2 protein chains.
Amino acid sequence: MKSYAIGIDIGGTKISAGLVDPRGNILVRGRRPTVGTDPAAVLSAVCELVAELGPGGAEAVVGVGAAGWMDPSGSTVAFSPHLAWRDEPLRANLEAALGRDVLLSNDADAAGWAEYRFGAAAGEDNMVCVNLGTGIGGSLVLDGVLQRGRFGMAGEFGHQVMVPGGHRCACGNRGCWEQYASGNALAREGRALLAVHGATSYRLREASGNDPHAITGEMVGSLAVAGDEACIELVVEAGQWLGLGLANLAAVLDPGVMVIGGGLGSASPLLLETAEQAYRGSLSGRGYRPYARVVGAALGPDAGLVGAADLARNALD
Amino acid sequence: MKSYAIGIDIGGTKISAGLVDPRGNILVRGRRPTVGTDPAAVLSAVCELVAELGPGGAEAVVGVGAAGWMDPSGSTVAFSPHLAWRDEPLRANLEAALGRDVLLSNDADAAGWAEYRFGAAAGEDNMVCVNLGTGIGGSLVLDGVLQRGRFGMAGEFGHQVMVPGGHRCACGNRGCWEQYASGNALAREGRALLAVHGATSYRLREASGNDPHAITGEMVGSLAVAGDEACIELVVEAGQWLGLGLANLAAVLDPGVMVIGGGLGSASPLLLETAEQAYRGSLSGRGYRPYARVVGAALGPDAGLVGAADLARNALD
């Protein structure tokens, strides 16, 4: 059954596993909470999940997706934000424990690959996938090839500087795109609105119990969906920044489609509509060239798992 | 002699031709002034140049590089800034006139490809090439493949917006990178310096005959090389913007090397040094990842011709 592959998605709060067929369907699923940050505990959890998937996966190759920087060969985790991995030879450790071939992928790369193979970008060989969550991650497929860059770190779209001297970013720079168009940006602007105690922020005050720290990007997004004018404005502003950054990516890469995924991307049609409008209004050379399509991701939270499995099958089978 | 290829570089002021061997050496050269913007005149000039290259090129495929947007198959010029081409089927016309296979390439793509195959980026499969002239063009090779994008327009690096609401760009946007780090940017800042009639601008006043319109990026660059402090400051400022934009490209693409070419890029070591320093000081994730090398182009003005020939040989032979 070499045509089946196992995908594992190691997230900050849970580990998901699935036996995936060559069309991207998940045949068997498994799941457990992330077991702290200890590498050995994560390793055991992955081995247990693989066993739980049953006899269909007994000989399947394993693809593991996780947040972090993997070396381009898919062997080592150089750095992971949620987990205590630093130059961790995760591939070799897992192969020893599982007795079969393993490939590591960055989680955003895996999710983008799944959208390209089976989702919103199917049939389009030049794709940018933007994952909007608390920050902005991403991946790129050009000429049908997932591009990881020389050191495995391509696709860090959120860290394009778009406002020199602008808001401080966790990466150390100022003015990164993700400070203007992500969940964290919405939360920061929501807190700023609450702080000025205006009449416009009363729903935000209610929802947060008047606690600025309780405000999240999700909360602002939900209030916008519920019709709160102030939060709608915040979402529109974030969408405009999102579109401007998409135009920058198009200037560099000229993709045929730009897929917007991630928790925030999937939750807000208004954000996507605004972004597409802003993209079309700020694409360099507009009027003299075709526009890339801007579309929402199709595979939801399964994308990482499915993509990790498919990448492993392609690389190892 | 199929392993030889002919390269033609159609520029704004001249057309260069060469018979190029598989190692990128130019065996025979030809050249004439660009004959206005009439497509038929350009076609005749190219045919004459091909004939002039002699019997060694009698059966060689022909690669033509020109400024403009070519469709990804290398058949049609969608738009060219210097020439009166609009959806011009240049490839078919040339093939009919020459009786052999022809491939069209964007001139920046051709130059970047030459640097990758035979020049400053040889041996590095993930490359960004930035052409600094009056504006900023560029090209990208990822995984050893020249990436043209879905519609043939990838590599328009100069039109990343880096200062929302900033200086107006010829592309219609405001705040494009090339408004801060190109020859035109140097010229604009030189004019601004002249306009305030300060003591610092006396060399610029001399060199320009006190005519703001006479100031060019080249002039500012030459004065900087000659030691004029004011022009040195302008070059350093442009270099800092250059480095910031390189950091943005690295966030997206994670190349192993970034080649800086073009007239301005080749003329100013100070610009390059400043740019590399600024790049290293603003790369997102610096300290946790390797740096791409920042290097000057190696092939000079021949790059476009050599690259156009090599791309044609690879595609057609």
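None of these values were measured; they are calculated from a predicted model.

Some details on the interface of chain B and chain A
Interface size is commonly expressed as the accessible surface area that is lost when the partners come together.
Logical step 1: The partner chain A presents 47 residues to the 47 residues of chain B that form the contact.
Logical step 2: When the two sides are added together, the surface that chain B and chain A hide from each other amounts to roughly 3,700 Å², 57% of it contributed by carbon and sulfur.
Logical step 3: Taken as a group, F151, V252 and D254 of chain B account for 16% of the area that chain B buries against chain A, more than any other trio of residues on that side.
Logical step 4: The tally of links between chain B and chain A comes to two salt bridges.
Logical step 5: Where E124 of chain B meets R150 of chain A, a salt bridge forms, and the shortest distance between an N and an O atom there is 3.3 Å.
Logical step 6: At the junction of chain B with chain A, the criterion picks out 20 residue pairs in polar contact (both at pLDDT 80 or more).
Logical step 7: Broken down by secondary-structure element, the contributors of at least two residues to the side of chain B that touches chain A are β10 (136-142) and α8 (229-253) of chain B.
Logical step 8: Counting residues per element, the side of chain B that touches chain A draws most heavily on α8 of chain B, which supplies seven residues.
Logical step 9: Of the residues in the side of chain B that touches chain A, the class split is 24 nonpolar, 14 polar and nine charged.

Some points on the relation of the copies chain B and chain A
Logical step 1: Between chain B and chain A, the superposition needs a rotation of 180° and an axial shift of 0.0 Å, giving an RMSD of 0.0 Å. In symmetry terms, the pair is related by a two-fold rotation axis. Identified as the residue of chain B closest to the rotation axis by C-alpha distance is M162 of chain B, at 2.5 Å.
Logical step 2: When the interface residues of chain B are mapped onto chain A, 100% of them again lie at the interface, so the same face is used by both copies.

Focus: the pattern of salt bridges
Logical step 1: Summed over the entire model, instances satisfying the criterion amount to 18 salt bridges over all chains.
Logical step 2: In this structure, E95 of chain B and R91 of chain B form a salt bridge, with 3.5 Å as the shortest nitrogen-oxygen distance. With E95 of chain B and R91 of chain B both in helix α2 (residues 90-98) and four residues apart, this pair spans about one turn of that helix.
Logical step 3: What makes R91 of chain B buried here is its relative accessible area of 16%.
Logical step 4: A salt bridge links E189 of chain B to R188 of chain B; its shortest N-O distance comes to 2.9 Å.
Logical step 5: For E189 of chain B, a relative accessible area of 26% corresponds to the partly exposed category.
Logical step 6: One connected set of salt bridges, linked through shared partners, spans R32, E48 and E52 of chain A.

Overview of the domain arrangement of chain A
Residues and elements named next belong to chain A.
Logical step 1: Each assigned domain of chain A is listed here: domain 1 (5-114 + 301-316) and domain 2 (123-298).
Logical step 2: In this structure, domain 1 and domain 2 have C-alpha centres spaced 27 Å apart.
Logical step 3: Every contact between the two is made by eleven residues of domain 1 and, on the other side, 15 residues of domain 2.
Logical step 4: Of the roughly 1,100 Å² buried between domain 1 and domain 2, counting both surfaces, carbon and sulfur atoms make up 58%.
Logical step 5: On the surface where domain 1 and domain 2 come into contact, there are zero salt bridges.
Logical step 6: At the surface where domain 1 touches domain 2, the tally comes to two residue pairs in polar contact (both at pLDDT 80 or more).
Logical step 7: Among the elements that take part in the side of domain 1 that touches domain 2, helix α3 (residues 107-118) stands out by supplying five residues, more than any other.
Logical step 8: A breakdown of the residues in the side of domain 1 that touches domain 2 according to their chemical character gives seven nonpolar, two polar and two charged.

So, the state of the cysteines
Residues and elements named next belong to chain A.
Logical step 1: Going through the model one piece at a time under the given rule, you end up with zero disulfides over all chains.
Logical step 2: The thiol of C129 is not disulfide-bonded; the next cysteine sulfur, from C169, is found 19 Å away.
Logical step 3: Since its relative accessible area comes to 1%, C129 is described here as buried.

Some details on helix α8 (residues 229-253) of chain A
All names here are of chain A.
Logical step 1: Here α8 is 25 residues long and its end C-alpha atoms lie 35 Å apart, about the 36 Å a rise of 1.5 Å per residue gives.
Logical step 2: Counting buried positions along α8 yields 19 of 25 residues, so the element is predominantly enclosed.
Logical step 3: Looking at the residues trailing α8, positive phi occurs at D254, about 50°.

Describing the packing of aromatic side chains
Logical step 1: Summed over all chains, the structure comprises six aromatic pairs over all chains.
Logical step 2: With a centroid separation of 5.1 Å and an interplanar angle of 50°, the aromatic rings of W113 of chain A and Y116 of chain A are classed as tilted. In this pair, W113 of chain A and Y116 of chain A are both assigned in helix α3, three residues apart and thus about one turn of the helix distant.
Logical step 3: Residue class for W113 of chain A comes out buried when judged on its relative accessible area of 7%.
Logical step 4: On the basis of relative accessible area, Y116 of chain A is assigned to the buried category, the value being 12%.
Logical step 5: The ring of W69 of chain B has R289 of chain A lying over it, and the distance from NZ or CZ to the ring centre is 5.7 Å.

As for unusual backbone geometry
Logical step 1: Look at D143 of chain A: it is not a glycine, yet its phi comes out positive at around 55°.
Logical step 2: Tracing the chain through its elements places D143 of chain A in the loop between β10 (136-142) and β11 (145-146).

Considerations on the nonpolar core
Logical step 1: Residues V130 and W177 of chain A together with V130 and W177 of chain B are the most contacted members of the largest nonpolar core, which totals 94 residues.
Logical step 2: Counting 26 residues, the second largest nonpolar core, distinct from the first, contains I6, V46, A60 and L94 of chain B.

About the criteria used
Residues numbered from 1 in each chain as written. Chains lettered and ligands numbered in written order. Predicted model: local features only at pLDDT ≥ 70, side-chain atom pairs only at ≥ 80, totals over all residues. Heavy atoms only, no water. Contact = heavy atoms within 4.5 Å. Buried area = accessible area lost by both parts, 1.4 Å probe. Salt bridge = Lys/Arg side-chain N within 4 Å of Asp/Glu carboxyl O. Polar contact = N/O pair within 3.5 Å; in protein donor to acceptor, adjacent residues only side chain to side chain. Helix = DSSP H or I, 4+ residues; strand = E, 2+ residues; numbered from the N terminus. Nonpolar A, V, L, I, M, F, W, Y, C, P; charged D, E, K, R; others polar. Least-squares fit on C-alpha atoms with pLDDT ≥ 70 in both. Buried < 20%, exposed > 50% of the residue type's maximum accessible area, 1.4 Å probe, protein only. Domains from an automatic or database assignment. Disulfide = S-S within 2.5 Å. Expected span 1.5 Å × (residues − 1). Phe/Tyr/Trp six-rings, centres within 6.5 Å; stacked < 30°, edge-to-face > 60°. Lys NZ or Arg CZ within 6 Å of the ring centre and 35° of its normal. Core = buried A, V, L, I, M, F, W, Y, C linked by side-chain atoms within 4.5 Å.

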